[in-house]
Amino acid sequence: MKLYHIALLSMLAMASHAQQRTTVDIRSWQFSRDSVEWQSVRIPHDWAIAGPFDKKWDLQNVAIEQNGEKQKTEKSGRSGALPWIGEGYYRTTVSIDKVPEHALLCFDGAMAEPRVMVNGRYAGYWPYGYNTFRLDVTNLLRKGENTIDVHLQNVEESSRWYPGAGLFRPVQLIMTGSENIDSWESFARTVSLSKNEAVIDFLTRVAGAGKKGLAVEVSLVNPKGYVEIAGHADVPEDGNVGLTLSLKKPQAWSPENPFLYDLVTRLYRGNKVVDETRSKFGVRTVSVSKEHGFQLNGVTRKIKGVCLHHDLGPLGSAVNKAALIRQIRLMKEMGADAIRTSHNMPSQMQMDVCDSMGIMVMAESFDMWVYPKCKNGYARFFKEWSDKDMENLVKAHRNHPSIVMWSIGNEIPEQGMKGGVEMARRLQDICHRLDPSRPVTQGCDRIDNALKTGFLQAMDVPGFNYRVHKYKPAIGQLPQGFLLGSETASTVSSRGVYKFPVTWGVTKADKDGQVTAYDTEWCSWSNLPEEDFLAMDDYDYTIGQFVWTGIDYLGEPTPYDEYWPSRSSYFGICDLAGLPKDRYYLYRSQWNTNSHTLHLLPHWTWPGREGKVTPVFCYTDAPEAELFVNGKSQGRIKKQHATMADKPEQRARRYRLMWNDVKYEPGELRVVAYGNDGKQVGEKVVRTAGKAAEIALSADREWISADGEDLVYVTVSLLDKDGNEIPTASDQMEVSVEGAAAFRGVCNGDATSLEVFTSPTMRLFNGKLVVTLQALDKKGKAKLTVTDKTNTKIAPKSFEIEVR
């Protein structure tokens, strides 16, 4: 009995045309934790996400220096409390009809330290789990069945957050003739751009060159299939080809207009095509300067960015296109125009999504260099592998128009150490050599030390993690004349949790493992959003910010690092399920300039608080509003001027409307917003909810593709008889799926929940949870049924979606 899956590959094209490129996505594998018991899996795959949660996994006794800690304490959820540590084995077989003249086995990431064997022979190793790497397996393949084995190893205390485990990104086998185009050596960049013309430089390298008669053709094809411009060049003996194209009346790529061309490169021998590559290309330019700040396509703009970890909540680290699209859509609807891939190298799939949806990217690389932040982290490999890792990052991703800058590190301790500047310059120089079109940055948190050593001065873009109060004294020491908020805010909150009395200050651990959603608490090193808003609005030399974080992630449960069962973050603007917290609307009110924002908090269902002070906040782009409780006015107030010198609560009044003396009484909470001309621009009503009467289901998609990968996210809540959501509901819900989709996961956003994501039952957290369904490889209809196991008087609710 075979312990692996046979992935059949049709080689008819190669049989008739020996030099034709064939790319195989190797999705079906066998997986084992012990190389004895095997199971069939489909990659991308994260072996740890099924749990169970347990504090024993990667239990650490450490002092987190980044949090200013001096004494070691037990950290139970720092890396997610899931079983990602240990060894894993993957095996598959690819059947080919003819041995190719050239073959590359390409991994977009493998967590971690993958060792690859092909037909029992060593193919290669790459220690950094986040990086993409290629192995030349030309001499290891044979006609017929070819076995590929991958051994992975994750060690304790090697990550400060949940890294995931397994073949969590795609694996491809690329087969060509001996004369072929090297896609990693192909680079197109816009060197100048105007309304009438874009000048594009194109470089590539042809493998197997040396014989005369080879030529390269490069063309830009618009979405309608028309060739806009083409260029031709003979291939010299060294194989390096350079071309300059002049594109008339170009469509420029931007977050507002993510226009993409197809970049088609063909290799000819005589009149015969021997190889061809296709990729997306966006015409756009990036620059930074003291005079103009950050410019995209020659237009100055301040970056409105968020940091995103690589995990996808209940899916773990297994990358999925639909999940990435949902993330970017949430961020763009909030008004964000950029993400930072913190603190690691991104997947090709994520960058493809950013290209097509239109969001700029700071592509990050490392969380540590030589000095370790955790005992077994990347510092073990930095000296030997950092140059190669940096080269792979840039070569693999430099054709993505969404990437506007590279980041060589995050809060690197060497920023204040001897030799740190030289390390920074070396990594920055690698980026410049391979890609002169983008600036390079990194996030520094020890600002005084980084200025003293010249670390910040050495970067193209000085990146400040927090420390807004140091912007003013630092700017005079920066020859660049500008700075970036490379990581900002770190405000913490739990969705739907409101604590009384409302206090403003550094967050502290509480008995319930939750943080108030009033958005009044921050960490010892950080601040509220308003401080960053002020810095962007009032300081001309700031070029933008990246908020920590856009969405909650597994691990780093500050301020509950020492509290069990906390196992995921509280920093997110959205929770781990992707549900917006109140803070989402605060950012939306400042960043989304296309539509009005009007949001009230808290909810208005507070049995037992009758007559007690229950402050009401309004997040809106409107300058003033009037609040009513059961028709009685609580006052019409305006946003107030504030500066960085004011206290946090006063600074907040510049961007929030707050009624601090409202006394709760059941009924109706209503706000009416007014524009600068005094005319009404919006109204919002929140009502006290009664007893639960029915289940409500709301899907983010109308249909999904029958490709075995596509997802639909369904939000589950409870309503009273009048259709009001029950904001405090915690009922146990059970889900079942039938038809052309399968249950993939469930999440309620509670950082203290130990219910596993892969079991089809979970309780509501503050009235909501999200169920994820995944399409099968067949067309038809899928049906989701949700049952309330706590209140059996409530009828089950079903939802159908087309899979096509």
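Computed from a predicted model, the values in this text were never measured in an experiment.

## Quick notes on the overall build of the protein chain
Per the secondary structure count, the protein chain includes 10 helices and 50 strands. For a compact globule of 804 residues, the expected C-alpha radius of gyration is about 28 Å, and the protein chain comes in at 27 Å, within 12% of that figure. The C-alpha extent of the protein chain, read off along each of the three principal axes, is 90 × 65 × 55 Å. Buried positions account for 61% of the 804 residues belonging to the protein chain. Within the protein chain, counting contacts between residues at least 6 apart in sequence, those at least 24 apart form 69% of the total. Just so you have it, the protein chain exposes about 30600 Å², and 48% of that area is on carbon and sulfur atoms.

## Focus: unusual backbone geometry
Glycine aside, negative phi is the norm for most residues, and most peptide bonds take the trans geometry. In this structure, Pro565 follows Trp564 across a cis peptide bond, with omega equal to 25°. In this structure, the amide linkage connecting Leu601 to the following residue, Pro602, adopts the cis form with an omega of 5°. By the element assignment, Pro602 lies in the loop between β35 (598-601) and β36 (616-620). Phi angles above zero are rare outside glycine, and Ser35 is one such case at about 65°. Of the residues examined, Ser35 reaches a relative accessible area of 37% and is grouped as partly exposed. We note that Glu113 has phi near 50°; this positive angle belongs to a residue other than glycine. In this fold, Glu113 is placed in the loop between β8 (102-107) and β9 (115-118).

## Things to note about the sheet that holds strand β43 (residues 703-704)
Through backbone hydrogen bonds, the strands of a sheet pair up, either in parallel or in antiparallel fashion. On the basis of which strands lie adjacent, the open sheet formed by 5 strands has the order β43-β50-β49-β45-β47 and mixed pairing. Each of the sheet's edge strands pairs with one partner strand only, and the pair in question is β43 and β47 (761-763). Two elements, β43 and strand β50 (residues 797-803), share 2 bridges in a ladder whose sense is parallel. Opposite Trp703, over in β50, you have Glu802 as the bridge partner.

## Examining the packing of helix α2 (residues 321-334) against helix α3 (residues 348-357)
At a closest axis distance of 10 Å, the pairing of α2 and α3 adopts a crossing angle of 45°. By the angle between their directions, the pair α2 and α3 is classed as oblique. Crossing of α2 against α3: the hand is right-handed. Between α2 and α3, the contacting residues are Lys321, Leu324, Ile325, Ile328, Arg329 and Lys332 on the first element and Met349, Gln350, Val353, Cys354 and Met357 on the second. The residue inventory of the contact of α2 with α3, partitioned by class, reads 7 nonpolar, 1 polar and 3 charged.

## Details of the pattern of salt bridges
Two side chains bearing opposite charge may form a pair once their charged atoms approach each other closely. By the definition in use, this model includes 48 salt bridges. Here Lys373 and Asp367 are joined by a salt bridge, their closest N and O atoms 3.0 Å apart. Given a relative accessible area of 12%, Lys373 falls into the buried group. Two residues, Lys632 and Glu665, come together in a salt bridge whose shortest N-O distance is 3.1 Å. Taken together, the residues span a long stretch of sequence, with Lys632 in strand β38 (residues 632-638) and Glu665 in the loop between β39 (657-659) and β40 (668-674) at a distance of 33 residues. For Lys632, a relative accessible area of 45% gives the class partly exposed. By relative accessible area, Glu665 is classed as partly exposed at 27%. Here the residues in one salt-bridge network are Arg27, Arg42, Glu709 and Asp777, joined through shared partners.

## Details of the packing of helix α4 (residues 382-397) against helix α5 (residues 420-434)
One way to put it is that α4 packs onto α5 with a least axis distance of 9 Å and a crossing angle of 30°. Taken together, α4 and α5 sit at an angle that is classed as roughly parallel. In this structure, the crossing between α4 and α5 has a hand that is right-handed. Note on element contacts: α5 touches α4 through Met423, Arg426, Leu427, Ile430, Cys431, Arg433 and Leu434, opposite Phe382, Ser386, Asp387, Met390, Glu391, Val394 and Lys395. Broken down by class, the residue content of the contact of α4 with α5 amounts to 8 nonpolar, 1 polar and 5 charged.

## Examining the environment of Ala517
Position of Ala517 relative to the elements: it lies in the loop between β32 (505-506) and β33 (521-522). Taking C-alpha positions, Ala517 is 5.4 Å from Tyr498, a pair spaced 19 residues apart along the chain. Ignoring any residue separated from it by four or fewer positions in sequence, one finds Ala517 in contact with Ser493, Ser494, Gly496, Val497, Tyr498, Asp582 and Leu601.

## Quick notes on the pairing of strand β44 (residues 711-719)
Within β44, 9 of the 9 residues are buried, leaving the element largely enclosed by the surrounding structure. Side chains Leu711, Tyr713, Thr715, Ser717 and Leu719 project from β44 onto one buried face, and the interleaved Val712, Val714, Val716 and Leu718 project onto a second face that is buried too. When strand β42 (residues 694-699) meets β44, the two strands line up antiparallel, connected through 6 bridges. In the sheet register, Ala699 faces β44, and the bridge partner there is Val714. Pairing geometry for β44 and strand β48 (residues 768-775), over 7 bridges, is antiparallel. The residue bridging Val712 from the neighbouring strand is Leu773, located in β48.

## Description of the pairing of β38
The pairing of strand β37 (residues 624-629) with β38 spans 6 bridges and is antiparallel. Following the sheet pairing, Val629 is matched in β38 by Lys632. Linking β37 to β38, which pair antiparallel, is a turn of 2 residues; within it Asn630 sits at a positive phi near 50°.

## Overview of the packing of aromatic side chains
Scanning all chains against the criterion turns up 38 aromatic pairs. Their ring planes at 85° and their centres at 5.1 Å tell us that Phe500 and Trp606 sit as a pair that is edge-to-face. Separated by 106 residues along the polypeptide, Phe500 in the loop between β31 (483-489) and β32 and Trp606 in the loop between β35 and β36 bring together distant segments of the chain. What makes Phe500 partly exposed here is its relative accessible area of 24%. Judged by relative accessible area, which is 13%, Trp606 ranks as buried.

## Structural notes on the environment of Lys721
Considering the arrangement of structural elements, one finds Lys721 in the loop between β44 and β45 (732-739). Distance from Lys721 to Glu694, taken between C-alpha atoms, is 7.4 Å for residues 27 residues apart in sequence. In this structure, Lys721 is in contact with Lys691 and Ala693, ignoring residues within four places of it in sequence. Within the local environment of Lys721, its side chain forms a polar contact with the side chain of Asp722, the two groups lying 3.4 Å apart.

## What to know about the sheet that holds strand β17 (residues 214-221)
Strand order in the open sheet made by the 4 strands is β18-β17-β20-β21, with antiparallel pairing throughout. The open sheet is flanked by β18 (227-234) and β21 (272-281), the only strands paired with a single partner. Sheet twist, expressed as the mean angle between neighbouring strand axes with direction ignored, is 15°. With 7 bridges connecting them, β17 and β18 associate as antiparallel partners.

## Here's the deal with the confidence of the model for the protein chain
For the protein chain, mean pLDDT is 96; residues scoring 70 or higher make up 98% of the total. A low-confidence stretch, residues 1-18 stays under pLDDT 50, and its non-local contacts, those more than four residues away or across chains, total 41 contacts.

## Some words on α4
Within α4, the full set of buried residues consists of Phe382, Trp385, Ser386, Asp389, Met390, Asn392, Leu393, Val394, Lys395, Ala396 and His397. The secondary structure elements touched by the buried residues of α4 are β10 (121-125), β11 (133-136), α3, β27 (360-364), β28 (403-410) and α5.

## Considerations on the environment of Gly77
Within the secondary structure, Gly77 sits in the loop between β6 (73-75) and β7 (86-96). Sequence separation of Gly77 and Ser568 is 491 residues, and the distance between their C-alpha atoms is 7.2 Å. For Gly77, the residues in contact, after removing those within four places along its chain, are Gly555, Glu556, Pro557, Asp561, Ser566 and Arg567.

## With respect to the side chain of Thr147
Looking at the element boundaries, Thr147 is found in strand β12 (residues 144-154). Polar contacts involving the side chain of Thr147 include one to the side chain of Thr93, which spans 3.5 Å.

Rules used in this analysis
Residues numbered from 1 in each chain as written. Predicted model: local features only at pLDDT ≥ 70, side-chain atom pairs only at ≥ 80, totals over all residues. Heavy atoms only, no water. Helix = DSSP H or I, 4+ residues; strand = E, 2+ residues; numbered from the N terminus. Rg over C-alpha atoms; globule rule 2.2 N^0.38 Å. Buried < 20%, exposed > 50% of the residue type's maximum accessible area, 1.4 Å probe, protein only. Contact = heavy atoms within 4.5 Å. Areas by Shrake-Rupley, 256 points an atom, 1.4 Å probe, with all protein chains shown as cover. Pairing = 2+ DSSP bridges. Axes fitted to C-alpha atoms, helices over the stretch in contact; angles between N-to-C directions. Parallel < 35°, antiparallel > 145°, perpendicular 65-115°, else oblique. Left-handed = near helix turned anticlockwise from the far one by under 90°. Nonpolar A, V, L, I, M, F, W, Y, C, P; charged D, E, K, R; others polar. Salt bridge = Lys/Arg side-chain N within 4 Å of Asp/Glu carboxyl O. Phe/Tyr/Trp six-rings, centres within 6.5 Å; stacked < 30°, edge-to-face > 60°. Polar contact = N/O pair within 3.5 Å; in protein donor to acceptor, adjacent residues only side chain to side chain. pLDDT = per-residue confidence, 0-100.

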